[in-house]
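Here's the letter readout for the chains.
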Amino acid sequence: PVIANYRLGRALGFGGMSEVVEAFDTDRRRSVALKVMRPTDPGRRSEREAWDREVSILRAIDVAGVVPLLDAGIGEGGELYIAMPLLEGRSARGELASLRRCGLEARAAASYDILLPALLNLCDTLQHVHQQGVLHCDLKPSNVFLPRPGSARCGRGLLLDWGVSVMRERGRVVSQGEGGRPGGTPGYMSPEQIVRRVADLDP
């Protein structure tokens, strides 16, 4: 299958609104990770708003801890897509699941060698995006990517999925999560997100 100039390959992951696949960019002759949202009912404006917000945020943010946007558009069949660099590694969720099967010594070593550096870099990333008025609003292990050891971004936790984020300007919210309310994942949401007090969200 093909979307625009991207030839789709193996599935890399799935989310609430979209899937991520490996794809080959036939124009630029490179492999990418392509996040695709299939066409939905025209009445589902909140999904399109979340998608547009993610694209605009990725275009605005330039920091090492955020996976850069390479391309975005709409396919011939109405599919929305975002192209990002193809990274090797796994999510922090996958790393934590793997560590649960390890002995104490191996778990401690991985925590100091892999998880702690990633967490510190993630804190730096959050400080940077907060200064730009962006709140991620869906921080959880599955949205943190850990590049494979030996890769260019090794040791850095990369923050993924900006679809439910909130943008603030001069202390007030100017872009408000999914359909005008803060989204998120139960178990990882702030009290303000749970009771939908968008105006009270802050770093």
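Structure shown above.
Below: a short report on this structure. Keep in mind it's a predicted model, so treat the numbers as computed, not measured. Here, residues in each chain are numbered from 1, in the same order as that chain's written sequence. Per-residue local features are limited, in this predicted model, to residues with pLDDT of at least 70; the limit for side-chain atom pairs, both in listing and counting, is 80 or more; totals at the level of whole chains, interfaces and linings are taken over all residues. Here the side-chain values reflect all heavy atoms present in the structure, with hydrogen atoms and water set aside.

## Digging into helix H3 (residues 104–131)
Elements are defined by DSSP. Helices are runs of H or I of four residues or more, strands are runs of E of two residues or more, and each kind is numbered from the N terminus. The span expected for a helix works out to 1.5 Å for each residue beyond the first. The end-to-end C-alpha distance of H3, which contains 28 residues, comes to 38 Å, matching closely the 40 Å that a straight helix rising 1.5 Å per residue would cover. A residue's bend is simply the angle between two axes: one fitted to the seven residues ending at it, one to the seven starting at it. The largest bend in H3 comes to about 40°, at Ser111. By definition, residues are in contact when any of their heavy atoms lie within 4.5 Å. The inward-facing, buried residues of H3 contact helix H2 (92–99), strand S8 (134–135), strand S9 (144–147) and strand S10 (158–159). With its phi angle positive at about 85°, Gly133 sits one or two positions after the end of H3.

## Some points on the sheet that holds strand S2 (residues 6–14)
Strand order in the open sheet formed by six strands is S1-S2-S3-S4-S6-S5, with antiparallel pairing between adjacent strands. Unpaired on one side and paired on the other, strand S1 (2–3) and strand S5 (71–74) mark the two borders of the sheet. Paired strands, as defined in this entry, are two strands with at least two bridges between them according to DSSP. As defined by bridge partners, S2 adjoins strand S3 (residues 19–25) across six bridges and the pair is classed as antiparallel. Counted as the bridge partner of Arg7 is Phe24 from S3.

## Section: the pattern of salt bridges
For this document, the term salt bridge refers to a Lys or Arg side-chain nitrogen within 4 Å of an Asp or Glu carboxyl oxygen. Under the defined criterion, the tally for this structure stands at nine salt bridges. The shortest N-O distance in the salt bridge between Glu22 and Arg10 comes to 2.5 Å. Here Arg10 lies in strand S2 and Glu22 lies in strand S3, a separation of twelve residues in the sequence. Buried, partly exposed and exposed residues are distinguished by accessible area as a fraction of the type maximum, computed with a 1.4 Å probe on protein chains only: under 20%, between the cut-offs, and over 50%, respectively. With a relative accessible area of 53%, Arg10 lands in the exposed category. Between Asp200 and Arg197 there is a salt bridge whose closest N-O contact spans 2.5 Å. Owing to a relative accessible area of 40%, Arg197 belongs among the partly exposed residues under this scheme.

## Regarding the environment of Arg53
If you trace the backbone, Arg53 turns up in helix H1 (residues 45–60). Using a relative accessible area of 6% as the deciding quantity, one classes Arg53 as buried. Sequence separation between Arg53 and Gly163 is 110 residues; the distance between their C-alpha atoms is 6.6 Å.

## Thoughts on the nonpolar core
Formed by 29 residues in total, the largest nonpolar core has its most connected members in Ile61, Val66, Ile82, Val129 and Trp162. The leading source of residues in this core is H3, at six residues. Ignoring anything within four residues of it in the chain, the contact list for Ile82 reads Ala33, Leu34, Lys35, Trp51, Glu54, Val55, Leu58, Leu69, Asp71 and Ala72. Core analysis: the next-biggest nonpolar cluster, separate from the first, contains ten residues, Val21, Ala23, Leu34 and Tyr81 among them. For this analysis, a nonpolar core means a set of buried residues of the types Ala, Val, Leu, Ile, Met, Phe, Trp, Tyr and Cys, connected via side-chain atoms within 4.5 Å.

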